[in-house]
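# Summary of the model geometry
Okay, here's what each chain looks like letter by letter:
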Amino acid sequence: MAANVSTAYLESLPTVPGWLNKGDNAWQLIAATLVAVQGMPGLVILYGSIVKKKWAVNSAFMALYAFAAVLLLWVLVCYKMAFVPLWLIFSYTVGAFSLWGGGFLYHWGVIDFAGGYVIHLSSGVAGLTAAYWVGPRMQCDKERFPPNNVVLALAGAGLLWTGWSGFNGGAPYAANIDTSIAVLNTNICAATSLLMWTSLDVFYFGKPSVIGAIQGMITGLVCITPGAGVVQAWAAIVMGILAGSIPWFTMMILHKKSSLLQKVDDTLGVFHTHAVAGILGGTLTGLLAEPHLCDMVLPVKGSRGVVYGGTDDELLMGDDAAHGEEAYALWGDGERYDASKHAGYSPNYQQTPTRSLIGETGRGGAVGV
């Protein structure tokens with residue numbers, strides 16, 4: 001009977017590698033679809049609704065053709081780091097290969113689970129740069145800038161939030177426990193940040209703001225992105241509180257007082273929602289990344305957040321370097337201290353990996369990066 005069945009429907013496909021099993025591949029297709037929903041129709045609806053009526057069609061259309069253009073460019077050239085004279089190659093692709101593609105940031109042990117640096121920090125800075133060169137709007141447009149459809153803006157924001165589960169949940173490339181953690185943390189941080197932003201609006205302005213709630217949702221999603229799969233749920237709540245307050249402060253208070261930021265007409269506050277929230281998320285990930293979760297998904301083993309400190313062997317190694325014989329660079333024979341040659345040598349002494357100069361987590365691990 002099996003001989004009459006197409007090989008595509010067999011339980012095990014001999015020509016397919018183990019990592020491309022049916023379950024993991026199915027989740028990757030779902031995650032990719034969720035990410036597509038973020039951009040089209042999510043951002044198409046959100047950007048088309050959150051701006052003034054006269055800019056609605058143009059904003060929505062830019063989101064649509066940007067989705068198509070980036071997809072085609074990535075397939076044709078950017079995936080292999082080929083040169084094309086576009087922003088995509090100078091921003092996202094450079095960051096992606098520097099961190100995820102084995103570049104210098106990878107070797108430094110920088111932790112970026114799903115794109116806090118690679119995507120959001122780079123896009124926030126790029127948006128601010130583009131706004132500077134394009135120039136400001138007319139003063140009448142800057143003074144009165146009501147969204148043309150608040151309900152549709154909420155609908156677009158909802159699609160963006162929903163799609164972010166695929167954005168962060170697809171990062172492990174598998175349907176595993178870390179995927180579940182990433183999706184859970186994504187929603188926890190976004191919800192906390194939205195409520196925090198809304199609470200600050202009520203406290204400072206006396207009433208909540210729908211657009212403010214959307215901004216708070218976005219900052220929470222951006223902030224959790226670099227650490228979604230490597231922090232615990234309590235840390236996601238902490239990140240949400242800070243994501244809903246620090247970007248709120250930079251957008252609502254600092255921006256109005258900064259002469260430098262006032263020179264740039266950042267129409268939708270992308271610098272605050274992406275650059276500020278992105279660097280905040282990256283910094284908090286460096287503080288709060290949990291060691292066991294890091295070992296589950298990160299290629300650099302031994303990575304951990306600063307609050308988790310080092311292992312006992314690492315602390316012992318540091319104490320020896322500061323107070324023991326290793327503190328003295330040269331001995332009478334002109335060499336560095338060597339236990340096999342100098343005082344205190346025991347034939348049973350063995351230099352463990354964590355006591356070596358590089359150490360177990362020297363090149364292979366990062367503490368709070």
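Residue numbers here run from 1 along each chain, matching the order of that chain's written sequence. Per-residue local features are limited, in this predicted model, to residues with pLDDT of at least 70; the limit for side-chain atom pairs, both in listing and counting, is 80 or more; totals at the level of whole chains, interfaces and linings are taken over all residues. Only hydrogens and water are set aside when side-chain values are computed; all heavy atoms of the structure are taken into account.

Think of it this way: any DSSP run of H or I at least four residues long counts as a helix, any run of E at least two long counts as a strand, and we number them from the N terminus. Across its full length, the chain carries 16 helices and zero strands. Only protein chains enter the area calculation, which uses a 1.4 Å probe; residues under 20% of their type maximum are buried, those over 50% are exposed, and those in between are partly exposed. Counting all 369 residues of the chain, 40% fall into the buried class. Taking as baseline every contact in the chain between residues at least 6 positions apart, the subset at least 24 positions apart corresponds to 68%. In these tables, accessible area is a Shrake-Rupley quantity obtained with a 1.4 Å probe, and a residue counts as shielded only by the protein chains included in the view. Carbon and sulfur atoms provide 67% of the accessible area of the chain, an area that totals close to 20100 Å². What makes two residues a contact is simply this: any of their non-hydrogen atoms within 4.5 Å.

With that settled, consider a nonpolar patch on the surface. Residues with no salt bridge and a relative accessible area higher than 30% make up the patches, which join like charges within 9 Å and nonpolar side chains (Val, Leu, Ile, Met, Phe, Trp, Tyr) within 5 Å. For this analysis, a salt bridge means a side-chain nitrogen from Lys or Arg found within 4 Å of a carboxyl oxygen belonging to Asp or Glu. Taken together, Met40, Phe61, Met62, Leu64 and Tyr65 make up a surface patch of nonpolar side chains, about 470 Å² in accessible area. In terms of residue count, helix α2 (residues 56-76) provides more of the nonpolar patch than any other element does, four residues in total. By the element assignment, methionine 62 lies in helix α2. Overall, the relative accessible area of 37% leaves methionine 62 in the partly exposed class.

Turning to the confidence of the model for the chain, a few remarks are in order. The quantity called pLDDT is the predictor's confidence in a given residue, expressed from 0 to 100. Per-residue pLDDT for the chain averages 75, and the proportion of residues at 70 or more is 75%. Per-element confidence in the chain is highest for helix α11 (residues 233-243), whose mean pLDDT is 94, and lowest for helix α16 (residues 312-323), whose mean pLDDT is 39. The model gives residues 311-369 a pLDDT under 50, and that stretch makes 69 contacts with residues more than four places away or in other chains.

Nonpolar core, defined: a set of buried Ala, Val, Leu, Ile, Met, Phe, Trp, Tyr and Cys residues in which side-chain atoms within 4.5 Å join the residues together. With 21 residues, the main nonpolar core has Phe113, Ile224, Val230, Val231 and Met239 as its most contacted residues. Of all the secondary structure elements, the ones that give two or more residues to this core are α9 (177-205), α10 (210-224), α11 and α14 (270-288). Tallying contributions element by element places α11 first for this core, with four residues. Setting aside residues no more than four positions away along its own chain, methionine 239 makes contact with Cys189, Cys223, Ile224, Val231, Gly281, Leu284, Thr285 and Leu288.

Paired rings are identified among Phe, Tyr and Trp, the last through its six-membered ring, by centres lying within 6.5 Å, and are further divided according to the angle between planes into stacked (under 30 degrees), edge-to-face (over 60) and tilted (the rest). In total, this model carries six aromatic pairs according to the counting rule given. Aromatic side chains phenylalanine 61 and tyrosine 65 sit 5.1 Å apart centroid to centroid with 70 degrees between the ring planes, which places their arrangement in the edge-to-face category. Of this pair, phenylalanine 61 and tyrosine 65 are both found in helix α2, four residues apart, which corresponds to roughly one turn of the helix. By way of ring pairs, the aromatic residues Tyr204, Phe205 and Trp248 are connected into one cluster.

Of note, asparagine 168 is situated in helix α8 (residues 150-169). Judged by relative accessible area, asparagine 168 falls into the buried class, the value being 0%. Excluding residues within four positions of it along the chain, asparagine 168 makes contact with Phe113, Ala114, Ala182, Thr186, Ile224, Thr225 and Ala228.

A pair of sulfur atoms, both from cysteines and within 2.5 Å, is called a disulfide here. A full pass over the atoms with the stated rule returns zero disulfides. The closest cysteine sulfur to the non-disulfide-bonded cysteine 189 is located on cysteine 223, 4.9 Å from its own sulfur. Look at cysteine 189 and you get buried, because its relative accessible area is 0%.

A separate point is the environment of asparagine 58. Mapped onto the fold, asparagine 58 is located in helix α2. In this structure the C-alpha to C-alpha distance between asparagine 58 and glycine 48, which are ten residues apart in sequence, comes to 7.6 Å.

Further remarks concern α2. The length a helix should cover is 1.5 Å for every residue beyond the first. Look at α2: 31 Å from first C-alpha to last across 21 residues, which is about the 30 Å you get at 1.5 Å a residue. For α2, the complete set of buried residues consists of Ala56, Ser59, Ala60 and Ala63. For α2, the angular spread of the buried residues around the axis is 105 degrees, confining them to a single face. Exposed residues pointing more than 90 degrees away from the buried face of α2 are listed as Val57, Leu72 and Leu76. Taking the helix axis as origin, the arc is that swept by the directions to the C-beta atoms.

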